[in-house]
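Chain by chain, the residues run as shown.
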Amino acid sequence: MSESRTSGDGVQAQGDPPSPYDAVAALEQLMLRLQRTSGASRVAVWVHEASTGVAVPFRQVRSGGPVGQVPPGERVPLSLERSPVLSAVIGERRTLNMHLDDAPRSLADEADRYGVRSAHGEPLLVGDEVVGALVIEPAAAASASQLRHATPRLAVALQEAWTRRSEQRRLAQAEVLLGLIESAALARSMDQLLGSACEQLAALGEVHRACVFLLEDGVLVPRMASYADGRRDIGSWTQFRQAPEPLRLADEVLRTGRPMSADRDSELLTGWWVDAFGIASGLAVPLGRSPQLSGVLTLDSPSIQPFSEDVRRLASAAGAHLGGVIEQARATEARAASLSTARAVRQLLVDGASATGVAEAAEVLATVVRGLAGTERSAAYLLDDAGRLGEVRHVGWPEQNIQVIRDRLVGQDVSDVRLWQLTVRDRRPVFVPDAVASDLLDADLVQALGLTSYLSVPLLSGDRLLGMVVTGSSSGTGEWSPSLRQAVQQVVLEGALVVQNAELRAVEQLRVQQLALEAHNDPLTGLANRRRFTEELERTVYATPARSCAVLMIDLDRFKEVNDSFGHSVGDELLRLVGPRLEQPLGPADLLARMGGDEFAVLLPDADAARAQEVADRLGAALREAFVLDGMSLHVDASIGIAVCPDHGRDRSLLLARADTAMYSAKRARDGSQVWTPDGATDPRDRLQTLEELRAALDSDQLVPHYQPQLDLRSGQVTGVEALVRWEHPERGLLAPDTFLGLAEQAGLMRRLALRVLERSLRDLQGWRAAGHDLSVAVNLSVSNLADVALPDQVAMLLEATEVPAAALTLEITEDVLMADAARSSQVLAGLRALGVRLSIDDYGTGYSSLSYLRALPVHELKLDRSFVGQLTSDVRAAAIVRSTLQLGRDLGMTIVVEGVEDAAALAALREWRCDVAQGYHVARPMAAEHVLDWLAERLPTPVTAPPT
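Now for a quick tour of the structure. (Residues numbered from 1 in each chain as written. Predicted model: local features only at pLDDT ≥ 70, side-chain atom pairs only at ≥ 80, totals over all residues. Heavy atoms only, no water.)

To continue, consider the pairing of strand E14 (residues 389-395). Across five bridges, the pairing between strand E13 (residues 377-383) and E14 is antiparallel. Its bridge partner being in E14, Leu383 is matched across the sheet by Leu389. A loop of five residues connects E13 with E14, the two strands running antiparallel in sequence, and Gly387 in this loop sits at a positive phi of about 85°. (Pairing = 2+ DSSP bridges. Helix = DSSP H or I, 4+ residues; strand = E, 2+ residues; numbered from the N terminus.)

Here it is as structure tokens:
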């Protein structure tokens, strides 16, 4: 008669023989038979884990009840050290008959704790190995003869059943590890990876919770936890993430690299973790393999219990695998962060390169940090020297939040704000994943701004702390990986350089603005100066569409007599009074400038010769009224020269020269004003005659260069000469270039003239170099030359024919020549530079295009106009301009040549300021080619004292 079948939990049904393949059922059948034959109320077996010193309750049978597993409430492994009963039976291999009334105190306490009045304990041995313990209740049911027959079979059956059960657990562990591998492959983030791992480990049983601590900057940081029952309340989660002290058990595992377990109130498990989370027992294993550990995995329980060998083995395997996955994930994050960092730094440098001043650079930094951290909005807070919040630059902020900052923070002292105190102390980024739980910012402010998480970085300029950048979100707490934290730190370091450079640009901009103001106004009269006048003239002459204009050059008659008779102070006062008089006849669009000394100029935009003559007459009339100086009446007359564009040319230098020529003609004729005519003649027939004579001169040897030596101020030696063309007219004698160059340009003869001078100069240079003088020669080019794309080839042929090295030839171009046709000029200059010829900008400082062309043109040399040298030792402003130009040349790697040096004091000053080259009457006057060698031979070497560096 069959009693029952096998139950769902593996219990063999009564009456059925056990399957030869079911070790658990065989064990249960033996236990059932023993219970029935002995009449015991309960028979139970415990398994001994020798590796852990733990006894695990495995199977039991009760009178009138089924055979099966120990109920969950009683299924608690016991350490032999904590169980006197099991320690005696298993550890000491003793048979134990225990009665509550007469048992020793330790045994009685344990029996009472489990509600046992009487019991018999019998060690189960297989050979010499104790595989477990048999417990029979009550003790009187244990028969020595029965036990001698039953215990050997029970021991073997228990060993086999536990082995089969262990195999099944290992299969389950393999499934768990496989699940970890699969979930790791599918995880899209580190948090998802850790969360899935903790959930699977916590669900295994025997533990209450699984936690992951990751190693970040040398410190274990709580990153993930999951409870066995699946709960995750916000309060305990916040406690876990913001633990005020480390878990010593985890720290010790990290230090040793070995798994460890501990019970509460032990050295490794005490304090806040026990009090806050009720941990009674904990198991910790390393993540990864020593010495490359990623962190620590912990499993804990609210009741004191040893962790079985199965749990320890699974935890160790999971920790080893999970550590490798974490390192792979971190490597992937690091690569992505490296690319993000590179992009962020590039954006910072590119956008920061155009920022001027701290505020603009801070806004660039705020934008870059926001993009790198993936936050919603960012702001740069700039503090003044008193610690008050000044300017704020917002990026991505809604207006209502901006208003909160204006109302509550701007103008306030922030020295008591903990976030600022932390920034001042550490000067490092601060990451706040939970803004509400943090006390670094005022809670009311956090609520008003709707902040849920944020990070702040110091706003540095070099090593100076100027404020901070805060970027945050209003949706959810924030998580920042170690690689992203490192990327933010890198951006902070680069940002310090960007802010510092922006500061320097702001200072330089102010300096340039001040220099521009000073450079465009005459300090004595307050009128526009020569530079501003030439700039306005160029803008008018080269305007698109073309405009007409008139230039009036005004020179006071007999002004030298005023200075000689009454002194320079009276002369200066007279000049200050002349300015307002000259402005009276002018309109709002007209420009009056002091060109230097007692010379003034007027620009009349859109004027023809008739209006220019009318204005000139009114200017003369305005000056005829007496000036009163120190009680004295002085009458002043002026000579005025007029040049009109386009009638007299469409070139700045040409118009100035012709207005100047007409002014001197008017001074000689003493008729007040004159309009320019070629060669100063009022009869056009004289102009035609001069032009024909010039054509003939080009076919003969009448046009010859004279050479003015150039002195190298560092060595004291003459290293070069400038070729200055002269016309040896058969009837009028030696003519200066201003007599005929303008005429040659208008008649289209400048190309032939320049090539003639260039060829003659190179042949003269060839002779001097053959005589042992390592000289160079500088030759001027005109508008026509720079418009000739064949010029580089022509120069190359002349250099080859004369065997002069290209580096010994310097070609000088004025700024107005460059402006005539900028595109073609650049092409020609590039061709000349490719030959190795040196290029120089002549009359530097007299045109508005100086700085822009210095950046764009391939020039080697700047030749400072003589107008800046005349008062070098007496005018501090002139000296400042010269010094700043010399410094500019050094910064750009250009040679600076100063012309017009006419006294020893100016030469000494230039040498002291480390000028490169000087020329002028004090060095030597221009001389014919045949006198150069004699002059060089007569000139003794001059010792040079090196200027201070």
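And the narrative resumes.
The buried fraction of strand E7 (residues 129-137) is high, at eight of nine residues. In the sheet, strand E1 (residues 42-49) pairs with E7 via six bridges, with the strands oriented antiparallel. Residue pairing across strands places Val45 opposite Leu134, the latter belonging to E7. Pairing between strand E6 (residues 118-126) and E7: seven bridges, direction antiparallel. When the sheet's bridge partners are listed, Gly121 is paired in E7 with Val135. As consecutive antiparallel partners, E6 and E7 are separated by two residues, and within that stretch Gly127 has a phi angle of approximately 70°, a positive value. (Buried < 20%, exposed > 50% of the residue type's maximum accessible area, 1.4 Å probe, protein only.)

This part takes up helix H1 (residues 23-38). Over its 16 residues, H1 extends 23 Å from the first C-alpha to the last, a length consistent with the 22 Å expected when each residue adds 1.5 Å. The buried fraction of H1 is high, at 12 of 16 residues. The positive-phi residue at the C-terminal boundary of H1 is Gly39, with phi of around 70°. (Expected span 1.5 Å × (residues − 1).)

Another aspect to go through is the nonpolar core. Core analysis: the largest hydrophobic core is formed by 75 residues, its most contacted members being Leu703, Val777, Leu809, Leu811, Leu832, Leu872 and Leu910. In terms of residue count, helix H22 (residues 750-770) provides more of this core than any other element does, seven residues in total. If near-sequence neighbours (up to four positions away) are discounted, Leu910 is found in contact with Leu713, Leu872, Val882, Val898, Val901, Cys915 and Ala918. The next biggest cluster of nonpolar side chains, apart from the first, holds 61 residues, and it includes Ala362, Leu409, Leu419 and Leu445. (Core = buried A, V, L, I, M, F, W, Y, C linked by side-chain atoms within 4.5 Å. Contact = heavy atoms within 4.5 Å.)

At a closest axis distance of 9 Å, the pairing of helix H17 (residues 568-583) and helix H18 (residues 609-624) adopts a crossing angle of 135°. One element, H17, and the other, H18, form an angle in the oblique class. Handedness of the crossing formed by H17 with H18: right-handed. In this structure, H17 contributes Val578, Arg581 and Leu582 to the contact, and H18 contributes Leu619, Ala622 and Leu623. Counted by class, the contact of H17 with H18 contains five nonpolar, no polar and one charged residues. (Axes fitted to C-alpha atoms, helices over the stretch in contact; angles between N-to-C directions. Parallel < 35°, antiparallel > 145°, perpendicular 65-115°, else oblique. Left-handed = near helix turned anticlockwise from the far one by under 90°. Nonpolar A, V, L, I, M, F, W, Y, C, P; charged D, E, K, R; others polar.)

Reading across the sheet, the five strands line up as E9-E8-E12-E11-E10 and stay open at both edges, with antiparallel pairing between neighbours. The sheet terminates laterally at strand E9 (219-227) and strand E10 (260-263), the two strands that pair on one side only. Averaged over all adjacent pairs, the angle separating strand axes in this sheet is 20°, with direction ignored. Inspection of the sheet shows E10 paired to strand E11 (residues 281-289) by four bridges, in the antiparallel sense. Within E11, the residue paired with Met260 across the bridge is Ala284. Lying on the sheet, helix H5 (residues 190-202) is in contact with strand E8 (209-216), E9 and strand E12 (292-301); it crosses E9 at an angle near 55°.

This part is about the environment of Gln242. Relative to the helices and strands, Gln242 is located in the loop between helix H6 (234-241) and helix H7 (248-256). Classification of Gln242 as partly exposed rests on a relative accessible area of 40%. Contacts of Gln242, omitting those with residues within four sequence positions, involve Asp434 and Ala437.

With respect to the helices, strands and loops of the structure, Val636 is situated in the loop between strand E22 (632-634) and strand E23 (638-645). Separated by 12 residues in sequence, Val636 and Arg624 have C-alpha atoms that sit 6.1 Å apart. Apart from the residues lying within four places of it in its own chain, the contact partners of Val636 are Leu556, Leu574, Leu623, Arg624 and Phe627.

Turning our attention to the environment of Arg377. The topology assignment puts Arg377 in strand E13. The spatial distance from the C-alpha of Arg377 to the C-alpha of Thr471 is 5.7 Å, given a sequence separation of 94 residues. Of the polar contacts made by the side chain of Arg377, one reaches the backbone oxygen of Leu449; its length is 2.2 Å. (Polar contact = N/O pair within 3.5 Å; in protein donor to acceptor, adjacent residues only side chain to side chain.)

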